[in-house]
Number of protein chains: 2
Amino acid sequence: MTTPDPERPLSKAAIKALKDAVGAGNLLTEAADRWPYGGDNSRLHAPPQAVAFATDADQIQALVDACRSHWIPLVTRGLGSGTTGATVPDQGGVVLSMERMNRILEVDPDNRMMVVEPGVTNQAVQDAAAQHGFFWPPDPTSAAYCTVGGNLAYNSAGPRAVKYGTPRENTLGLTAVTGAGRLLRTGVYTTKGVVGYDLTRLLIGSEGTLGVITQATLRLTPLAEGKRTLQAVYDSMDAAAQAVSRIMAQPVVPCALEFMDGRAIEMIRDYSQANLPEAAGALLMIEVDGPLAGLDDAAQRVADAARGKGNLSVALAKSENEVKALWATRKALSPALRRVAPKKINEDVVVPVSRIPELIRGLESLGRRHDITIVCFGHAGNGNIHVNLLIDPDDARQMKAAATCLDQVFTLVLELRGSISGEHGVGLAKRDFVGRELGAEVLGLMEGIKATFDPAGILNPGKGVPPAPQ
Amino acid sequence: MTTPDPERPLSKAAIKALKDAVGAGNLLTEAADRWPYGGDNSRLHAPPQAVAFATDADQIQALVDACRSHWIPLVTRGLGSGTTGATVPDQGGVVLSMERMNRILEVDPDNRMMVVEPGVTNQAVQDAAAQHGFFWPPDPTSAAYCTVGGNLAYNSAGPRAVKYGTPRENTLGLTAVTGAGRLLRTGVYTTKGVVGYDLTRLLIGSEGTLGVITQATLRLTPLAEGKRTLQAVYDSMDAAAQAVSRIMAQPVVPCALEFMDGRAIEMIRDYSQANLPEAAGALLMIEVDGPLAGLDDAAQRVADAARGKGNLSVALAKSENEVKALWATRKALSPALRRVAPKKINEDVVVPVSRIPELIRGLESLGRRHDITIVCFGHAGNGNIHVNLLIDPDDARQMKAAATCLDQVFTLVLELRGSISGEHGVGLAKRDFVGRELGAEVLGLMEGIKATFDPAGILNPGKGVPPAPQ
């Protein structure tokens, strides 16, 4: 990562152009004002040269034009909950904060859709949808403080994706401003449509490098009538991973199938009101939802699949309080990890479900080889495992070992037909590894697409997709 | 549509290059051999200058290179069941038939996926998946004689899409040969993944204009344990359309919600073993699937929503024979229509579900105004209505009226926030109307994407996306 001089000033002409674009009241140029917009939830930080706010697409078009004229990078940002540095303006430039474009423009329960501005939080969307008996499936743990724009930028999902899909499966259309300053509308207001190329899905997951999303038409799903929450404890990670495979091979698809390894259990034992056996080497939290009629039967089938070699217990939460306690356990994990190892490396790999046991065994072996504590948890139903390397950044030997270890983790994941990112995206953190997953031909096409949408290369330069090898 | 001279010969050098690419035994150049590859299920026809077969991606890469060197259009074709002329080589060139690339390469039930060659029929995929308790959701009526490659090319779905989605929601990855002759692999073997831009969905629905798909990794869904089939009869199309809205606004999502208007009922009355009331002005066929426990309850809820103003009856099929009879009714419709009006115009529009009543009223009014019989049926749960204009192509006055009528149908659909194609695609038939739905900015971007994938412009030229207005 290049470290730009945060004090490098924009030219007066550039500042004037930016002010003209969004209005003087919507541009921050003081160092102290810019600082908070330089970081995300990775440890990367670089203050922008200016921070702009917008309240409508016209302002964004004008801003893009100004950035293009003055060759200034433009980095669009939600609320900064990303974990890969994707919104860190490491090449300087303007951070466009979408926090003031947070309106819900339309809720249309009859057509199961909702039109929102990208700065709205995921939680606000869920609340508005729930009033009509619906929800929007993507549910990152950060729902309360992440924006829909961010969810779309990284195709971020969460536990429910195993049954209900990611933003790509739950977004009907977008409006966006391209790097050429043009406003485009993609997609449809309907659940089918095949006129022209699918630009909606192309923008989703593109990490702000192709356009600035100004509106999103979200596809809503009816809230299930009921839910059953199960906790299954295993004597080893391997046994739990085998159970995940069994659960996903039977017809009842859980709406959450979360995984936590033994070290993760140790860390949150104090926070959990659930009694976990001392011998617990891994834990699954499973939710099944659907119409009340048949729900107990569905939960029973999943429970049956959860049982098997190495299973110590399968418990059904008997009260709302027990359900809350179980989820509190899971939600306490990220902060607990951060407390133990504030500079942990949190990876977000994904492998086919049947390969999870191999992944877990491989990770255990890598941890031993490099003498690094690795804590795993995540969305096992999608094979999406968050691999946490607990490291002390002041220990140079350990940092070196971690780098080698991480490299080998990615190699292992790709050998297992996986992907180096399930839902966090690439940003700055993983950009150097993308070339291992995507071939040169694919990178070349992505470069061409980028040039089509953003000929001047001003939109979030240096993020997501690396240049194709020459 | 330009009408090329089918006898226009390719140069000897070109024919040699094509033979070198795929092998002499895999190239047809005799007029009689070429003729059958000139048409699809539209009435458009233009014989190619040559027909090539391939059995692997290497041959396709060599073929693309040969076409590029000699500037020959390359039109990829499945089994020709498309309805828009998308595989009709109206600019001459080579038709690449995928009929010999029809292998199922891998069925992986543990990971709920299947890897296939594009020439395999949809039905063969369903049969192979069913052996493991799964299915692939896209289910065009033509399943027995349409290929998965064709389904992907037009994002073709069918009745089940209302619950289970289209190919875009049910395909994990692809391999394809670009117009530059490069082999690329897109997507993942997992249900999550966000590394780089989504080229998988970009290729799906691109009608062979960006690349030749050589393999597809399909996402499988567990077969439901049971199904209930309902038939609801209404006194008018409007009443049925209102019922569709009510059904889609409650939480139980049917796995089929098919619609047939009064004229369609008349046409297939003879084929139906179901007793339809004389006053039947419209009919819904509804299927609900899921685990057996709770299934009757779910069917009951849908039946309740189906009742209301204008409803004459709601009947639950009581035997497997009754179910078959109901579906035979629906499946007899397309051939029946074709018999009555062999040159009918079959449109494939889609509107938000709540706007179906307005669409239907608008269509009735347009039919009266232009004195054209319009028969409507289709996948109402997605708002995807097949609008059939029964015309006599020898009646010049009627043909003129039909053209005006169709134009007004599209205007109406777009006013209702719909799309001019739900699942048949654009091909040649609708290309002139695409510009009304997609803005100039969007068309410009699509042109850029096309140039990135196919710099020489040899892949299915003139289909799908029209040039951006200058």
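Residues numbered from 1 in each chain as written. Chains lettered and ligands numbered in written order. Predicted model: local features only at pLDDT ≥ 70, side-chain atom pairs only at ≥ 80, totals over all residues. Heavy atoms only, no water.

Looking now at the UniProt feature "domain: FAD-binding PCMH-type" (unreviewed entry) in chain A. Residues given the UniProt feature "domain: FAD-binding PCMH-type" (unreviewed entry) here are residues 44-223 of chain A. Split by type, residues 44-223 of chain A is 21% helix and 26% strand. Its first and last C-alpha atoms lie 38 Å apart. (UniProt positions renumbered as here; feature names shortened; annotations may be inferred. Helix = DSSP H or I, 4+ residues; strand = E, 2+ residues; numbered from the N terminus.)

Right, let's talk about the relation of the copies chain A and chain B for a bit. Under the fitted operation, chain A is carried onto chain B by 0.0 Å of movement along the axis and a turn of 180°, and the coordinates agree to an RMSD of 0.0 Å. Viewed as a symmetry operation, the transformation between the two copies matches a two-fold axis. When C-alpha positions in chain A are compared against the rotation axis, the closest is assigned to Gly294(A), at 2.2 Å. (Least-squares fit on C-alpha atoms with pLDDT ≥ 70 in both.)

A word on the packing of helix H8 (residues 237-248) of chain A against helix H12 (residues 356-370) of chain A. All names here are of chain A. In contact at an axis separation of 8 Å, H8 and H12 are set at 160° when each is read in the N-to-C sense. Considering the angle they form, H8 stands roughly antiparallel to H12. As for the relative orientation of H8 and H12, their crossing is right-handed in sense. When H8 is examined against H12, the residues Met237, Asp238, Ala241, Gln242 and Val244 are found in contact with a partner set consisting of Ile356, Pro357, Ile360, Arg361 and Glu364. Residues of the contact of H8 with H12, tallied by class, amount to 6 nonpolar, 1 polar and 3 charged. (Axes fitted to C-alpha atoms, helices over the stretch in contact; angles between N-to-C directions. Parallel < 35°, antiparallel > 145°, perpendicular 65-115°, else oblique. Left-handed = near helix turned anticlockwise from the far one by under 90°. Contact = heavy atoms within 4.5 Å. Nonpolar A, V, L, I, M, F, W, Y, C, P; charged D, E, K, R; others polar.)

All names here are of chain B. In a regular helix each residue adds 1.5 Å, so 21 residues correspond to 30 Å; helix H11 (residues 320-340) covers 30 Å between its end C-alpha atoms and thus fits that length. Residue Leu333 marks the point of greatest curvature in H11, where the axis turns by about 35°; the proline Pro335 follows within four residues. In this structure, the buried side of H11 is in contact with strand S12 (226-234), strand S13 (256-261), helix H9 (262-268), strand S14 (282-290), strand S17 (373-379) and strand S18 (384-390). (Expected span 1.5 Å × (residues − 1). Bend = angle between axes of the 7 residues up to and from the residue.)

Residues and elements named next belong to chain A. According to the domain assignment, chain A consists of domain 1 (104-222), domain 2 (226-334) and domain 3 (341-415). Taking the mean C-alpha position of each, domain 2 and domain 3 sit 22 Å from one another. Contacts between the two partners involve 18 residues from domain 2, matched on the other side by 19 residues from domain 3. At the junction of domain 2 with domain 3, the criterion picks out 1 salt bridge. Among the ionic pairs, Arg361 bridges to Asp238, the shortest N-O distance being 2.5 Å. (Domains from an automatic or database assignment. Salt bridge = Lys/Arg side-chain N within 4 Å of Asp/Glu carboxyl O.)

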